[in-house]
Amino acid sequence: MAGGWIHRITPVVRMSVASQHRRKGLGSLIVAELIARARRRNVRQLQVLTETPWKSANALYRSCEFVEVGADGTDTHFSIAL
């Protein structure tokens, strides 16, 4: 987690699970840990930007209760209030 400390809004800059380990719940575990750590640091909101064609990434963030807050045809923007 980096940046955003002044407003307690922090972007998730980059996260990936190696292809041979996908579809095993690891992404959800990582996101849950990021959320837990952000809450301990009094972050109020996490933001994620992912490429729109990455359907599995978009589904992951939605399943972790992130809300789509914008899209521009290339990227989809998600946010979760903590």
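J.: What is the right way to read the nonpolar core from this model?
T.: Side chains that are nonpolar tend, in soluble globular proteins, to be buried together. Counting 15 residues, the largest nonpolar core has Val-31, Ile-35, Leu-46, Val-48, Tyr-61 and Phe-66 as its most contacted members. Mapped onto this core, the elements with two or more residues apiece are helix H1 (26-40), strand E2 (45-51), helix H2 (55-63) and strand E4 (75-81). Aside from chain neighbours lying at most four places away, what touches Val-48 is Val-12, Tyr-61, Phe-66, Thr-76, His-77 and Phe-78.

J.: Even after reading the chapter, I still don't get H1, so can you show me in this structure?
T.: Over its 15 residues, H1 extends 21 Å from the first C-alpha to the last, a length consistent with the 21 Å expected when each residue adds 1.5 Å. Taken as a whole, H1 has its buried residues at Gly-27, Val-31, Ile-35 and Ala-38. The buried side chains of H1 occupy one side of the element, clustering within an arc of 75 degrees when seen end-on. In H1, the exposed residues that point more than 90 degrees away from the buried face are Leu-29 and Arg-40. Here the buried face of H1 lies against E2, H2 and E4.

J.: Would you mind showing me how to read unusual backbone geometry here?
T.: The phi torsion of most residues other than glycine is negative, and most of the peptide bonds are trans. In this model, Arg-23 sits at a positive phi of 70 degrees, which is unusual for a non-glycine residue. Structurally, Arg-23 is set in the loop between strand E1 (9-12) and H1. Under the relative-accessibility criterion, Arg-23 is labelled exposed at 81%. Positive phi is not limited to glycine here, since Glu-65 has a value of about 75 degrees. With respect to the helices and strands, the residue Glu-65 is situated in the loop between H2 and strand E3 (67-71). What makes Glu-65 exposed here is its relative accessible area of 64%.

About the criteria used
- Residues numbered from 1 in each chain as written.
- Predicted model: local features only at pLDDT ≥ 70, side-chain atom pairs only at ≥ 80, totals over all residues.
- Heavy atoms only, no water.
- Core = buried A, V, L, I, M, F, W, Y, C linked by side-chain atoms within 4.5 Å.
- Buried < 20%, exposed > 50% of the residue type's maximum accessible area, 1.4 Å probe, protein only.
- Helix = DSSP H or I, 4+ residues; strand = E, 2+ residues; numbered from the N terminus.
- Contact = heavy atoms within 4.5 Å.
- Expected span 1.5 Å × (residues − 1).
- Arc of directions from axis to C-beta.

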